[in-house]
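What follows is each chain in one-letter form.
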Amino acid sequence: MAEIAEGGGGGHDKGKKRAKKSSTRVDMTPMVDLAFLLLTFFVLTSTFSKPKVMSLAYPAKINEPIGDAPKLNNGITFLVSKDKIYYYTGEFYPANRPGKNGPTKLTETNFSASSPTGLRKLLANLNSYVLLRKEGMVKKVKAKQMADTTYTRELEALKGKPEALKVLVKTDDKALCKNFIDLIDEVKIAEIGVIAPVPILPEELKLLESELKK
Amino acid sequence: MPKIKIPKSSPSIDMTPMVDLAFLLVTFFMLAASFRPSEPVTIETASSISDKVIPENNIMVTINSEGKVYFNLTDPEARKEALANMASLYKVTFNDEQIEKFSLMSTFGCTMKELPAYIDLPGDSRKEFKTEGVPLDSLDNQLKNWISYSNLAGLNSGKTAYEEAKKKGLAPDANDFKPKFIIRADGKAVYKKAEKVIDVFRDLNLNNLNFVTSSEFNPNNPN
């Protein structure tokens, strides 16, 4: 196959040697083989999509112990365990000092985006203050009545308003990273600006455990 | 009857266009590809809607599904500096070859004592290295030291890069040259482990953390 035929050299011999008629073509099969081998190698080893990152800014650690937890108005607290998630809104009232509406009860929800009891619907309802105004601003941007830089600034301001929902995330020992990331992701989809992962209180842990046993 | 002449045709096809194409593709992939560095751990991250691409200059802590902690730093010069500082702190000596190898390595998860032996291993057998990961408990918090030395080294080399970019007449943003902090946790890792790592960062007053995620459809921005 892959022979390059000798060119017709030595044709001037006395014995009338005929120059061999040879094709000028080179057999390219091995080269093609090699080219495709390399191609396959590069296709398989290369990565094109770089991984994405989700930023989360934590508050600075304060060394002095803080007294009572600051009053949380318009907040929701999520208690996360392995693939399970519960929440309560507002302040936490343990069984031994109940609030106006009795002790805090946990409600179960899930990570699903479509289910009516899922996180996405829940957060969209609770944070409707921000989401409705955001929708209005998006319309304005589309109609060129508002600059997009103004939009980003206003949206940030909107997220920080007292009417906007605030989220506390508390986890028990069994919660998985996936659960945490999924929750933060849903919180970001709902345009919530204040997210605080905080340590779980012993009373809350007890409540969560009793709920998990059900 | 006239004889029908069957044209004498060669059974071989001209392969030149195909070869051209194949080499074109090879060249494209060679130039466009960034190689996946061989890593001692495989991580399956959770997904999020975030579309922020992972920063080039980063300090990354990896947590695998068993909760073992691994460390990585992208800048080779900063790696050398951090290693030198760690070596003098933990009284471990490295020869020049090991330092050079370390600067080109990727993620590692071992104690300072194990590190020289780990560096000497050939690339593909590092996966089998038996280790408990980088220690981060309160008595022996090597992760904290790694992060703080790496951050210092990264800031120093970032500063020189910033000055150079300034000299070239560009208008660089100083923030782009600072190392970013990244946590890459396996979805199945227990969150408490990740929280410990987060606490190490926060103890060093490094509060802007990034979580590596795979991308997912964003309902707010569907394009």
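Residues numbered from 1 in each chain as written. Chains lettered and ligands numbered in written order. Predicted model: local features only at pLDDT ≥ 70, side-chain atom pairs only at ≥ 80, totals over all residues.

1. Some points on the overall build of chain A
Check the secondary structure of chain A and you find six helices and seven strands. The N-to-C order of helical and strand elements in chain A reads α-β-β-β-β-β-α-α-α-β-α-β-α. When contacts within chain A are restricted to residue pairs at least 6 apart in sequence, those whose partners lie at least 24 apart make up 63%. (Helix = DSSP H or I, 4+ residues; strand = E, 2+ residues; numbered from the N terminus. Contact = placed C-beta atoms within 7 Å.)

2. Side note on the packing of helix α3 (residues 128-142) of chain A against helix α4 (residues 148-159) of chain A
All names here are of chain A. The contact between α3 and α4 brings their axes to 11 Å, and the two run at 175°. Of the possible angle classes, the one that applies to α3 and α4 is roughly antiparallel. Residue-level contacts link V130, R133, K134, M137 and V141 of α3 to D148, Y151, E154, L155, L158 and K159 of α4. Tallied by class, residues from the contact of α3 with α4 come to six nonpolar, no polar and five charged. (Axes fitted to C-alpha atoms, helices over the stretch in contact; angles between N-to-C directions. Parallel < 35°, antiparallel > 145°, perpendicular 65-115°, else oblique. Nonpolar A, V, L, I, M, F, W, Y, C, P; charged D, E, K, R; others polar.)

3. Observations concerning the packing of helix α2 (residues 119-126) of chain A against helix α5 (residues 177-189) of chain A
Residues and elements named next belong to chain A. Two elements in contact, α2 and α5, have axes separated by 9 Å at closest approach and are oriented at 40°. By the angle between their axes, α2 is oblique relative to α5. Read as a crossing pair, α2 and α5 show a hand that is right-handed. Contacts between α2 and α5 involve L119, R120 and L123 from the former and E186, V187 and I189 from the latter. (Left-handed = near helix turned anticlockwise from the far one by under 90°.)

4. Observations regarding α3 of chain A
Structural remark: α-helix, 3.6 residues per turn; residues separated by three or four positions point the same way. The end-to-end C-alpha distance of α3 of chain A is 21 Å, a good match for the 21 Å that 15 residues give at a rise of 1.5 Å each. Where α3 of chain A ends, the next residue or the one after it, K144 of chain A, has phi of about 60°, a positive value. (Expected span 1.5 Å × (residues − 1).)

5. Some points on the interface of chain A and chain B
For an interface, size is often stated in terms of accessible area lost upon the parts coming together. Chain A puts 38 residues into the contact, and the matching count from chain B is 46 residues. Where the side of chain A that touches chain B is concerned, the elements lending two or more residues are α1 (29-45), β1 (46-47), β2 (52-57) and α5 of chain A. The residue inventory of the side of chain A that touches chain B, partitioned by class, reads 23 nonpolar, six polar and nine charged. By the bridge criterion, six bridges tie β2 of chain A to strand β7 (residues 208-215) of chain B in an arrangement that is antiparallel. Bridge pairing in β7 of chain B links S55 of chain A to N210 of chain B. (Pairing = 2+ DSSP bridges.)

6. Overview of the domain arrangement of chain A
Residues and elements named next belong to chain A. Domain boundaries assigned for chain A yield domain 1 (75-126 + 165-213) and domain 2 (128-164). Between the C-alpha centres of domain 1 and domain 2 the distance comes to 27 Å. At the junction of the two partners, domain 1 supplies six residues and domain 2 supplies seven residues. Of the residues that constitute the side of domain 1 that touches domain 2, the class distribution is three nonpolar, two polar and one charged. (Domains from an automatic or database assignment.)

7. Observations regarding the nonpolar core
Core analysis: the biggest nonpolar cluster contains 72 residues, and F78 and C177 of chain A together with L143, I183, A194 and V197 of chain B have the highest contact counts within it. The leading source of residues in this core is α5 of chain A, at seven residues. Split by domain, the residues of this core number at least three in each of domain 1 (75-126 + 165-213) and domain 2 (128-164) of chain A. Residues within four places of V197 of chain B in sequence aside, it is in contact with V61, I63, V69, L136 and I183 of chain B. (Core = buried A, V, L, I, M, F, W, Y, C linked by C-beta atoms within 7 Å. Buried ≥ 20, exposed ≤ 12 C-beta atoms within 10 Å, placed from the backbone.)

8. Points about helix α6 (residues 191-203) of chain B
Residues and elements named next belong to chain B. Between its first and last C-alpha, α6 extends 18 Å over 13 residues, near the 18 Å set by a 1.5 Å rise per residue. Restricting attention to buried positions, one finds in α6 the residues Y191, K193, A194, V197, I198, V200 and F201. Immediately downstream of α6, the backbone of N205 shows phi near 65°, a positive value.

9. Comments concerning the pairing of strand β7 (residues 194-197) of chain A
Consecutive side chains of a regular strand alternate in pointing toward one face of the sheet and then the other. Residues and elements named next belong to chain A. Here strand β6 (residues 166-171) runs beside β7; their pairing, made up of four bridges, is parallel. In the sheet register, V169 faces β7, and the bridge partner there is P197. Between the parallel elements β6 and β7, the chain passes through α5 in a crossover that is right-handed. (Right-handed = clockwise from strand over helix to strand, strands pointing away.)

10. Looking at the sheet that holds β7 of chain A
Residues and elements named next belong to chain A. Ordered by their spatial adjacency, five strands build an open sheet running β5-β4-β3-β6-β7, and the pairing between neighbours is mixed. In this open sheet, the two strands that pair with only one neighbour each are β5 (107-109) and β7. Strand-to-strand, the axes of this sheet are offset by a mean angle of 25°, without reference to chain direction. Here strand β3 (residues 75-81) pairs with β6 via six bridges, running parallel.

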